[in-house]
Amino acid sequence: MNEPHDRAAKDAYRRALGLLVRREHSRRELGRKLAAKGDDAEAVVQALEALAAQGYQDEARFAEMLIRTRINAGYGPMHIRAELGTHGIDPDVAASMLAEAEPDWVVLAADALRRRYGARPARDRAEQIKRGQFLQRRGFDAGSIRAALQVGSEG
């Protein structure tokens, strides 16, 4: 499929392409942005279908990018899965792509703790709880949190 034919769809296509030049976007995100600019729903659908058919917008590529950037930013699997869901990525696809990324969640959780609190171990139980809550808010699971806190108390 080439570029859309009617004027409204062409305008939506060009706007969406301009957004994609800057960074990857999910189909849902592009749709929301185009609708917010006043593009008509049918024109948005036509533009998004054309962009996907041409390979300019790709859900898998978007998901890979989001997973990679969130892992590098110190977020855990639950946060990343939830964010992928807000972008319309199927939960099974999100889980599969996270598994393919093969991150060591314990190492990432321990790294997030080091970035936030330095190399100093927790002074007491209250501080250890505070650190665990920090990791929980970042989207790490209980097992990774316990292991990361253990790593942190050894150093």
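Residues numbered from 1 in each chain as written. Predicted model: local features only at pLDDT ≥ 70, side-chain atom pairs only at ≥ 80, totals over all residues. Heavy atoms only, no water.

## Things to note about the overall build of the protein
- Scanning the protein from N- to C-terminus turns up nine helices and zero strands.
- Secondary structure elements in the protein, listed N-terminal to C-terminal, are α-α-α-α-α-α-α-α-α.
- Computed over its C-alpha atoms, the radius of gyration of the protein comes to 20 Å, more than 25% above the 15 Å expected for a compact globule of 155 residues.
- Seen along its three principal axes, the alpha-carbon backbone of the protein occupies a region of about 65 × 30 × 20 Å.
- Here the protein holds 155 residues, and 38% of them are scored as buried.
- Taking contacts inside the protein between residues at least 6 apart in sequence as the whole, the part at least 24 apart equals 62%.
- Accessible area for the protein stands at about 8900 Å²; split by element, carbon and sulfur atoms hold 51% of it. (Helix = DSSP H or I, 4+ residues; strand = E, 2+ residues; numbered from the N terminus. Rg over C-alpha atoms; globule rule 2.2 N^0.38 Å. Buried < 20%, exposed > 50% of the residue type's maximum accessible area, 1.4 Å probe, protein only. Contact = heavy atoms within 4.5 Å. Areas by Shrake-Rupley, 256 points an atom, 1.4 Å probe, with all protein chains shown as cover.)

## A word on the packing of helix α4 (residues 59–72) against helix α6 (residues 91–101)
- Where α4 meets α6, the closest approach of the two axes is 10 Å, and the angle between their N-to-C directions is 55°. When the interaxial angle is binned, α4 and α6 end up oblique. Viewed along their axes, α4 and α6 form a crossing whose handedness is right-handed. Contact residues: α4 offers Ala60, Ala63, Glu64, Ile67 and Ile71, while α6 offers Met97, Leu98 and Ala101.
- Taken together, the residues that form the contact of α4 with α6 break down as seven nonpolar, no polar and one charged. (Axes fitted to C-alpha atoms, helices over the stretch in contact; angles between N-to-C directions. Parallel < 35°, antiparallel > 145°, perpendicular 65-115°, else oblique. Left-handed = near helix turned anticlockwise from the far one by under 90°. Nonpolar A, V, L, I, M, F, W, Y, C, P; charged D, E, K, R; others polar.)

## Focus on the side chain of His87
- Its place among the elements puts His87 in the loop between α5 (77–86) and α6.
- His87 gets classed as buried once you look at its relative accessible area, which sits at 12%.
- Within polar-contact distance, the side chain of His87 engages the side chain of Ser26 at 3.1 Å.
- Filtering out sequence-adjacent residues up to four positions away, His87 remains in contact with Ser26, Arg28, Glu29, Glu59, Phe62 and Leu66. (Polar contact = N/O pair within 3.5 Å; in protein donor to acceptor, adjacent residues only side chain to side chain.)

## Notes on α5
- Those residues of α5 that sit buried are Pro77, Ile80, Glu83 and Leu84. Projected down its long axis, α5 carries its buried residues within an arc of 130°, all on one side.
- Gly88 sits one or two residues past α5 and shows a positive phi near 85°. (Arc of directions from axis to C-beta.)

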